[in-house]
Protein chains: 2
Amino acid sequence: MTMSADQLARAIEHTLLRPEATNEAIDALCDEAIAHGFHGVCINPIHVRRAANRIEAAGSSVKVVTVVGFPLGATLPANKADEARRAMDEGATEIDMVANIGALVALDRPTVRQDIEAVARAVHGGAVSGLLKVILETGVLTDEGKILGCRCSAEGEADFVKTSTGTHAAGGATVQDVALLRKHGSPLGVKAAGGIRTASDALTMIEAGATRIGTSGGVKILRELADVVS
Amino acid sequence: MTMSADQLARAIEHTLLRPEATNEAIDALCDEAIAHGFHGVCINPIHVRRAANRIEAAGSSVKVVTVVGFPLGATLPANKADEARRAMDEGATEIDMVANIGALVALDRPTVRQDIEAVARAVHGGAVSGLLKVILETGVLTDEGKILGCRCSAEGEADFVKTSTGTHAAGGATVQDVALLRKHGSPLGVKAAGGIRTASDALTMIEAGATRIGTSGGVKILRELADVVS
């Protein structure tokens with residue numbers, strides 16, 4: 001697949017979710033996202049307001065994406081909804097929630113649905129409607145669990161399904177899983193995340209059906225792509 | 001150090017925080033904790049009500065411990081407080097919150113304090129007062145950061161400091177860190193967690209000053225200890 005560096009940049013969420021990240025590291029992330037034309041920055045809730053202010057001050061349209069119930073997905077639906085609501089108040093416009101993974105493993109459809117719906121109401125029900133992505137943690141699921149996650153996300157009015165948190169020992173995005181999410185998650189978008197480190201990784205994921213790429217390696221990826229093209 | 005299996009059991013929080021844990025796995029954890037006389041079970045918020053009901057139905061005094069802002073500590077103070085409040089409503093009596101780790105790295109005392117105080121109000125301010133433990137994630141901190149974490153925990157009216165989440169690549173509890181938390185966290189309790197897998201690990205931590213042990217290996221640890229004694 002061929003794609004310009006600009007096109008690829010617009011699919012990338014420039015990601016920094018390490019708990020020890022300082023304010024200075026978040027500032028640098030935002031500045032890189034603005035400079036390279038990334039779609040957004042993906043950061044923890046405590047950094048949302050700072051990032052939103054910095055990006056707005058620069059007159060940039062880079063989005064602030066944050067995570068909810070991250071990375072275990074094992075908080076109560078009402079708490080995930082509160083987290084999403086507060087994050088949007090602070091300036092986030094896209095929310096990546098982690099689904100109830102134990103319930104996906106157990107194929108417990110009502111519990112998975114209820115959890116997603118609670119957050120979808122928070123994300124879509126305010127003055128400004130945001131985008132909701134549902135992280136399935138595909139590495140620990142059977143195909144049946146992944147498909148259930150896609151259906152519950154679509155029925156629960158999410159906007160995207162997302163492969164992985166990038167923190168689980170079971171691994172991140174695979175081409176097979178992205179294709180499966182594309183097939184069963186349609187018409188939702190698909191975000192591939194977890195272990196995407198090279199331009200080849202990123203392009204392969206897009207070819208398999210990903211419409212967004214979550215990675216901490218965006219700057220390196222664009223540089224690689226520029227080298228190939230030039 | 002010599003200690004009976006019963007004495008050690010009373011210091012152990014039997015822990016299962018894997019996101020893919022099913023209800024059945026939580027039930028088994030509770031039953032083991034009751035059978036072995038562990039201090040408590042340490043589980044994710046979505047499992048608190050089920051565990052509390054099961055333990056109460058068995059007439060046991062095993063405590064339900066849960067985690068807040070886990071494992072990144074990067075949610076807003078108000079969300080951590082909400083999480084703690086709801087967990088206590090569901091039946092938890094001990095809350096292990098993750099501190100704002102980036103703020104500890106940056107030695108940003110006001111931010112660390114405010115975060116702990118918000119949760120302490122939730123844990124101590126309700127009809128039933130719970131215990132609050134503050135996880136510092138010592139593996140990513142300088143000694144100065146660890147000492148700041150101890151001071152803010154004591155001033156913020158927490159009840160324990162705890163070494164680690166057990167999920168960070170930088171590692172779990174060390175003897176040196178437990179001794180440091182004992183020295184600077186006093187009069188708070190000290191919970192050692194992360195990487196404690198053998199009876200020798202557990203006894204060494206207690207000798208260094210730990211008053212609680214968080215481990216998923218409690219059953220194996222007690223068996224080892226019984227073998228040594230018999």
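Residues numbered from 1 in each chain as written. Chains lettered and ligands numbered in written order. Predicted model: local features only at pLDDT ≥ 70, side-chain atom pairs only at ≥ 80, totals over all residues. Heavy atoms only, no water.

### Digging into the sheet that holds strand E4 (residues 94–98) of chain A
Residues and elements named next belong to chain A.
Item 1. An order of E1-E2-E3-E4-E5-E6-E7-E8 is seen for the 8 strands of this closed barrel, with the pairing classed as parallel. Averaged over neighbouring strand pairs, the angle between their axes works out to 25 degrees when direction is ignored.
Item 2. Bridge count between strand E5 (residues 131–135) and strand E6 (residues 160–162): 3 bridges; the pairing is parallel. By the bridge assignment, lysine 133 is partnered in E6 with phenylalanine 160.
Item 3. Where helix H3 (residues 48–57) meets the sheet, its contacts fall on strand E2 (40–43) and strand E3 (63–68), and the angle it forms with E3 comes to roughly 170 degrees. (Pairing = 2+ DSSP bridges. Helix = DSSP H or I, 4+ residues; strand = E, 2+ residues; numbered from the N terminus. Axes fitted to C-alpha atoms, helices over the stretch in contact; angles between N-to-C directions. Contact = heavy atoms within 4.5 Å.)

### A word on the interface of chain B and chain A
Accessible area lost upon the coming together of the parts serves often as the stated size of an interface.
Item 1. Listed per partner, the contact involves 27 residues of chain B and 27 residues of chain A.
Item 2. At the boundary of chain B with chain A, total buried surface from both sides reaches about 2,700 Å², with 66% on carbon and sulfur atoms.
Item 3. Of all residues in chain B, the largest losses of buried area upon contact with chain A belong to Pro19(B), Ile46(B) and Leu72(B), amounting jointly to 23% of the total for that side.
Item 4. Run the count over chain B and chain A and you get 2 salt bridges.
Item 5. Across the pair Asp82(B) and Arg86(A) runs a salt bridge, and its minimum N-O distance is 3.0 Å.
Item 6. Across the chain B-chain A interface, the total number found is 8 residue pairs in polar contact (both at pLDDT 80 or more). (Buried area = accessible area lost by both parts, 1.4 Å probe. Salt bridge = Lys/Arg side-chain N within 4 Å of Asp/Glu carboxyl O. Polar contact = N/O pair within 3.5 Å; in protein donor to acceptor, adjacent residues only side chain to side chain.)

### Considering the packing of aromatic side chains
Item 1. Applying the stated rule across the entire model yields 0 aromatic pairs over all chains.
Item 2. When the ring centre of Phe160(A) is taken as reference, the NZ or CZ atom of Lys133(A) above it lies at 5.8 Å. (Phe/Tyr/Trp six-rings, centres within 6.5 Å; stacked < 30°, edge-to-face > 60°. Lys NZ or Arg CZ within 6 Å of the ring centre and 35° of its normal.)

### Quick look at the layout of surface pockets
Item 1. There is about 380 Å³ of room inside the second largest pocket.
Item 2. If you go around the second largest pocket, you meet 20 residues; those closest to its centre are Asn100(A), Thr111(A), Asn23(B), Ile46(B) and His47(B).
Item 3. Counting residues per element, the ones that place at least two in the lining of the second largest pocket are helix H5 (101–105) and helix H6 (109–124) of chain A together with helix H2 (23–36) and helix H3 (48–57) of chain B.
Item 4. Among the elements that line the lining of the second largest pocket, the one with the most residues is H6(A), at 3 residues.
Item 5. Here the lining of the second largest pocket is built from residues that sort into 6 nonpolar, 8 polar and 6 charged. (1 Å grid on protein atoms, 1.4 Å probe; cavity = no way out; pocket = protein on both sides within 12 Å on 5 of 7 lines; lining within 4 Å. Points joined across faces, edges and corners; volume = space filled by probe spheres on them. Nonpolar A, V, L, I, M, F, W, Y, C, P; charged D, E, K, R; others polar.)

### Examining the sheet that holds strand E7 (residues 189–193) of chain B
Residues and elements named next belong to chain B.
Item 1. Here we have 8 strands rolled up into a closed barrel, ordered E1-E2-E3-E4-E5-E6-E7-E8, and parallel in their pairing. The sheet shows a mean angle of 25 degrees between the axes of neighbouring strands, taken without regard to direction.
Item 2. Pairing of strand E2 (residues 40–43) with strand E3 (residues 63–68), which is carried by 4 bridges, proceeds in the parallel orientation. The partner of isoleucine 43 across the bridge, within E3, is threonine 66.

### A look at the pattern of salt bridges
Residues and elements named next belong to chain A.
Item 1. Enumeration according to the criterion identifies 44 salt bridges over all chains in this entry.
Item 2. Note that arginine 54 is salt-bridged to aspartate 31, the shortest N-O span being 2.8 Å. Placement of arginine 54 in helix H3 and of aspartate 31 in helix H2 (residues 23–36) is noted, with a sequence separation of 23 residues between them.
Item 3. Among the salt bridges present, the one from glutamate 94 reaches arginine 212, with a minimum N-O distance of 2.8 Å. Residue glutamate 94 is found in strand E4, and its partner arginine 212 is found in strand E8 (residues 212–215); the two are separated by 118 residues along the sequence.
Item 4. On the basis of relative accessible area, glutamate 94 is assigned to the buried category, the value being 2%.
Item 5. Connected through shared salt-bridge partners, Glu13, Glu94, Asp96, Lys133, Lys162, Lys191 and Arg212 make up one network. (Buried < 20%, exposed > 50% of the residue type's maximum accessible area, 1.4 Å probe, protein only.)

### Structural notes on the environment of Thr211(B)
Residue and element names in this part refer to chain B.
Item 1. Mapped onto the secondary structure, threonine 211 falls in the loop between helix H9 (199–208) and strand E8 (212–215).
Item 2. For the pair formed by threonine 211 and lysine 191, sequence separation is 20 residues and the distance between their alpha carbons is 6.0 Å.
Item 3. Threonine 211 has contacts with Ala11, Phe160, Arg182, Gly189 and Val190, leaving out every residue within four places of it along the chain.

### Observations regarding the pairing of E3(B)
All names here are of chain B.
Item 1. E3 sits mainly inside the fold: 5 of its 6 residues count as buried.
Item 2. Note on the crossover from E2 through H3 to E3: the handedness is right-handed.
Item 3. Sheet topology note: the E3/strand E4 (residues 94–98) ladder contains 4 bridges and is parallel. Its bridge partner being in E4, valine 68 is matched across the sheet by methionine 97.
Item 4. As for the winding sense of the linkage, the β-α-β connection from E3 through helix H4 (residues 77–90) to E4 is right-handed. (Right-handed = clockwise from strand over helix to strand, strands pointing away.)

### Side note on the environment of Leu222(A)
Residues and elements named next belong to chain A.
Item 1. Residue placement: leucine 222 occurs in helix H10 (residues 218–229).
Item 2. Sequence-wise, leucine 222 and histidine 14 are 208 residues apart; in three dimensions their C-alpha atoms are separated by 12 Å.
Item 3. Apart from residues lying up to four places away in sequence, leucine 222 is in contact with Ala5, Leu8, Ala9, Ile12, His36 and Phe38.

### Thoughts on the side chain of Thr138(A)
Item 1. With respect to the secondary-structure elements, Thr138(A) resides in the loop between E5 and helix H7 (143–155).
Item 2. When residues no more than four places from it in sequence are discounted, the contact partners of Thr138(A) are Lys146(A), Thr163(A), Ser164(A), Gly172(A), Asp177(A) and Leu181(A).

### Some thoughts on H7(A)
Residue and element names in this part refer to chain A.
Item 1. Under the 1.5 Å per step criterion, the end-to-end length of H7 is 18 Å for 13 residues, consistent within 8% with the ideal 18 Å.
Item 2. Every buried residue belonging to H7 is among Gly145, Lys146, Ile147, Leu148, Gly149, Cys150, Cys152 and Ser153, and all of these are buried.
Item 3. For H7, the secondary structure elements touched by its buried residues are H5, H6, E5, E6 and helix H8 (175–185).
Item 4. Residue glutamate 157 follows H7 closely and has a positive phi angle near 70 degrees. (Expected span 1.5 Å × (residues − 1).)

### Examining the relation of the copies chain B and chain A
Item 1. Superposition record for chain B on chain A: RMSD 0.0 Å, screw rotation 180 degrees, translation along axis 0.0 Å. Overall, the copies show the geometry of a two-fold rotation axis.
Item 2. Mapped onto chain A, 100% of the interface residues of chain B again fall at the interface, so both copies present the same surface. (Least-squares fit on C-alpha atoms with pLDDT ≥ 70 in both.)

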